[in-house]
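Coordinate analysis (summary)
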Amino acid sequence: MKKICYLHLGFHKTATTSFQLTVQQNRKLLEQDGIYLPKFRGKKQKFSANHSGQIRDIFDQKVQHLWDSNYRSKPPKDQKQQTIQKHCQSLTELLNQPQHILISGEGISTMPEQSLIRLKSKLEVYGFQIEPFALVRSPYAFITSALQQTIKNGKYHPLIGLIPGQSSAPQKAFKIPNSSKSISTLNRIFGEKMNFVPFKTATSHPGGPVLFLLQEVLQLKQADQYQLINANESKSNVSTRLKNFLNQQHPHADQGKLRSLFKTISLQAEEPKFLLTQQEFDWIESDFKQVKRGMKRKLGEAFVEEKIAFSSEFSTEETHQLLSQLSQKLYELAIKG
């Protein structure tokens, strides 16, 4: 029986982290089903659930010499290259496994095309049949989720406003998130083997998107025994816009105390999820339609069907209330620190 490499390519914001943490948590069950995970070491020398960084490093053109047998006998002096060489060794151990393997990383799909080709060639040299797959959000859902992630990571995006009239003028050229380039690249490299699945298909599964991947893609017999892990909850409209407001002057990743702080600021008991306002959407509508047409052409109607909803703009009074809460919370955080 030919060995299979299940190559999970994301995309971003499609329960990828939840899937990665779930298979990592249930590594023993996964191995009982004959599928092995890479043993890449990450922070504090723990196994990495997300393989994006290691795979990107391994197949970067600049470090291809680390694969050479002559070079492996002479460890590099540079600490970064020493780490990458260890990743190369971990990957080699994985590829020598007689069973199927699973590599998962949403960042793999955005690697340079030549790096992806080298990854594909390496897997084939070791006798693997590649089964690449990715869940794909519809265009508007992808835009809002990707913008939310960008802001969470500490980057300011000028499209997203907080204070009434704060957003840039309509003639401002906004770059909207778009998975079209990655889709085209993956299709060129993997051809008909590339399995794109609408994210809404996975979310409509009775067990959710993670169980969908375990049962429908990996075909695991013991999937119902897995302890499912839910990660990366969506942020509210208030939290996302306040974070973007801070990012403009003080870029900072959304983590630790800062993340907890935003959870305490609200305008109502249950905050709605982050969406664009009607005005924000109007400013990107022509680009959005172009992205939608491209995705429909490449993947089909099922990948672009969606309902487009908007968030309401904050009034001057609501904005004042939010900024007052933010000021108070930051003061409390400062004196506690």
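First, a word on what this report is: a plain description of the structure on this page. (Residues numbered from 1 in each chain as written. Predicted model: local features only at pLDDT ≥ 70, side-chain atom pairs only at ≥ 80, totals over all residues. Heavy atoms only, no water.)

Looking at the overall build of the chain
In terms of regular secondary structure, the chain is built from 14 helices and 5 strands. Relative to a compact globule of 337 residues, whose C-alpha radius of gyration would be 20 Å, the chain shows 22 Å and is just as compact. Seen through its C-alpha atoms, the chain measures out along the principal axes to roughly 65 × 50 × 40 Å. Buried positions account for 48% of the 337 residues belonging to the chain. Once local pairs closer than 6 in sequence are excluded, the contacts in the chain between residues at least 24 apart make up 78%. Surface exposure of the chain reaches about 17,700 Å², of which carbon and sulfur atoms provide 48%. Within the chain, one finds 46 positive and 29 negative side-chain charges whose respective centroids are separated by 7 Å. (Helix = DSSP H or I, 4+ residues; strand = E, 2+ residues; numbered from the N terminus. Rg over C-alpha atoms; globule rule 2.2 N^0.38 Å. Buried < 20%, exposed > 50% of the residue type's maximum accessible area, 1.4 Å probe, protein only. Contact = heavy atoms within 4.5 Å. Areas by Shrake-Rupley, 256 points an atom, 1.4 Å probe, with all protein chains shown as cover. Lys, Arg positive; Asp, Glu negative; His and termini not counted. Charge placed at Lys NZ, Arg CZ, Asp CG, Glu CD.)

Some words on the nonpolar core
Side chains that are nonpolar tend, in soluble globular proteins, to be buried together. Counting 36 residues, the largest nonpolar core has Leu7, Ile101, Ile103, Ile108, Leu123 and Phe196 as the members making the most contacts within it. Among the elements of the structure, strand 1 (3–8), helix 3 (52–58), helix 5 (79–95), strand 3 (100–104), helix 6 (113–125), strand 4 (128–136), helix 8 (180–190) and helix 13 (278–299) are those that each provide at least two residues to this core. In terms of residues, this core owes the most to one element, helix 5, which gives 5 residues. Ile108 has contacts with Leu7, Leu9, Ser52, Ile55, Ile103, Leu116 and Leu119, leaving out every residue within four places of it along the chain. (Core = buried A, V, L, I, M, F, W, Y, C linked by side-chain atoms within 4.5 Å.)

Things to note about unusual backbone geometry
Trans is the common state for peptide bonds, and a negative phi is the common state for residues other than glycine. The linkage connecting Gly10 with the following residue, Phe11, adopts the cis geometry, with an omega of 0 degrees. Looking at the secondary structure, you find Phe11 in the loop between strand 1 and helix 1 (16–25). Non-glycine residue Lys13 carries a positive phi angle of around 60 degrees. Within the secondary structure, Lys13 sits in the loop between strand 1 and helix 1.

Here's the deal with the environment of Ile130
Inspection of the secondary structure puts Ile130 in strand 4. Measuring from C-alpha to C-alpha, the distance between Ile130 and Leu299 comes to 20 Å, with 169 residues separating the pair along the chain. Ignoring sequence-local partners within four residues, the contact set of Ile130 consists of Cys5, Leu7, Lys120, Leu123, Glu124, Phe190 and Lys193.

Description of the sheet that holds strand 3
A sheet is described by the order of its strands in space; here 5 strands give the open sequence 2-3-1-4-5, paired in parallel fashion. Two strands bound the open sheet, and with one partner strand each, they are strand 2 (35–36) and strand 5 (195–198). Bridging between strand 4 and strand 5 involves 4 bridges; their strand directions are parallel. Among the inter-strand pairings, Val136 is bridged to a residue of strand 5, identified as Pro198. Relative to strand 4, helix 10 (residues 208–217) is tilted by about 150 degrees, and along the sheet it contacts strand 1, strand 4 and strand 5. (Pairing = 2+ DSSP bridges. Axes fitted to C-alpha atoms, helices over the stretch in contact; angles between N-to-C directions.)

With respect to the packing of aromatic side chains
Considering all chains together, one arrives at 6 aromatic pairs under this definition. Measuring from centroid to centroid gives 6.2 Å for Phe11 and Phe196, while their planes differ by 45 degrees, and the two rings are tilted. With Phe11 in the loop between strand 1 and helix 1 and Phe196 in strand 5, the pair connects residues that are 185 residues apart, well separated along the chain. Like Phe11, the residue Phe196 is buried in the burial classification. On the numbers, 6.4 Å between centres and 75 degrees between planes, the contact of Tyr140 with Phe310 is edge-to-face. (Phe/Tyr/Trp six-rings, centres within 6.5 Å; stacked < 30°, edge-to-face > 60°.)

Here we look at the packing of helix 11 (residues 237–247) against helix 14 (residues 316–336)
Across the interface, helix 11 lies against helix 14 with an axial gap of 12 Å and an inter-helix angle of 70 degrees. Relative to helix 14, helix 11 is oriented roughly perpendicular. Read as a crossing pair, helix 11 and helix 14 show a hand that is right-handed. Residues Val238, Leu242, Phe245 and Leu246 of helix 11 pack against Leu322, Leu323 and Leu326 of helix 14. Residue classes in the contact of helix 11 with helix 14 are distributed as 7 nonpolar, no polar and no charged. (Parallel < 35°, antiparallel > 145°, perpendicular 65-115°, else oblique. Left-handed = near helix turned anticlockwise from the far one by under 90°. Nonpolar A, V, L, I, M, F, W, Y, C, P; charged D, E, K, R; others polar.)

Here's the deal with the side chain of Ser109
Residue position: Ser109 is located in the loop between strand 3 and helix 6. Discounting chain neighbours no more than four positions away, the residues touching Ser109 are Leu9, Phe11, Leu116, Ser182 and Leu186.

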